[in-house]
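Here is what each chain is made of, one letter per residue.
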Amino acid sequence: MEFPVDNPAEYTPGQTIPLDMFAIGDMVDVSGISIGQGLSGVIRRHGFSGGRNTHGSHCKRIPGSIGCSAWPSRVVKGKKLPGQYGNVHKTVKNLMIVEYGRKSRLFC
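Residues numbered from 1 in each chain as written. Predicted model: local features only at pLDDT ≥ 70, side-chain atom pairs only at ≥ 80, totals over all residues. Heavy atoms only, no water.

Novice: Would you explain the overall build of the protein in this entry?
Specialist: On a plain count of helices and strands, the protein comes out with 1 helix and 5 strands. Burial statistics for the protein: of 108 residues in total, 8% are counted as buried. Across the protein, the fraction of contacts at a sequence separation of at least 24, relative to all contacts at a separation of at least 6, is 65%. (Helix = DSSP H or I, 4+ residues; strand = E, 2+ residues; numbered from the N terminus. Buried < 20%, exposed > 50% of the residue type's maximum accessible area, 1.4 Å probe, protein only. Contact = heavy atoms within 4.5 Å.)

Novice: Just checking my understanding: could you explain unusual backbone geometry for this structure?
Specialist: Backbone geometry follows two general trends: most residues other than glycine have a negative phi, and most peptide bonds adopt the trans configuration. The residue after tryptophan 71, namely proline 72, is reached through a cis peptide bond having omega 5 degrees. Considering the arrangement of structural elements, one finds proline 72 in the loop between helix H1 (42–46) and strand S3 (83–85). Its identity as a non-glycine residue notwithstanding, histidine 55 has a phi of 60 degrees, on the positive side. Tracing the backbone shows histidine 55 in the loop between H1 and S3. In this structure histidine 55 comes out as exposed when scored by relative accessible area, which is 72%.

Novice: Is there a simple way to explain the environment of isoleucine 43 in this structure?
Specialist: Tracing the backbone through its elements, the reader meets isoleucine 43 in helix H1. The class for isoleucine 43 is partly exposed, based on a relative accessible area of 21%. Separated by 17 residues in the primary sequence, isoleucine 43 and lysine 60 place their C-alpha atoms 9.9 Å from one another. With residues near it in sequence (within four places) discarded, isoleucine 43 still touches Phe48, Gly50, Lys60 and Arg61.

Novice: I keep staring at a nonpolar patch on the surface and nothing clicks. Help me out?
Specialist: Taken together, the side chains of Val5, Tyr11, Ile17 and Met21 define a hydrophobic patch exposed on the protein surface, amounting to about 290 Å² of accessible area. Within the fold, valine 5 resides in the segment before strand S1 (27–33). (Patch = residues over 30% accessible without salt bridge, like charges linked within 9 Å, V, L, I, M, F, W, Y side chains within 5 Å. Areas by Shrake-Rupley, 256 points an atom, 1.4 Å probe, with all protein chains shown as cover. Salt bridge = Lys/Arg side-chain N within 4 Å of Asp/Glu carboxyl O.)

Novice: How should I be thinking about the side chain of serine 40 in this particular structure?
Specialist: Position of serine 40 relative to the elements: it lies in strand S2 (residues 38–40). Accessibility expressed as a relative area gives 4% for serine 40, which makes it buried. If near-sequence neighbours (up to four positions away) are discounted, serine 40 is found in contact with Arg45, Pro82, Gly83 and Tyr85.

So this is what it looks like as structure tokens:
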């Protein structure tokens, strides 16, 4: 993360920076790696509703039809399908520091 400081020679890469450099009411952007969920299906990964569970249905947790017919005869890029869920770099912007103390917290 980047912070404007008066004397950059005082800091080294990888050093832990205490939260006392922030004040209540400061707006910050928080970046990090999200929690990995492993290989997930479309219901968990994209919020699909799933198929019906009765009358002999075999489409309970599968995405359904995914491709085109005759043209372009392929699965279009960006199609929501099962796969790796989480474990990606995320940034949450404009969080306000509303409490500071023994248990410092960031809240929206």
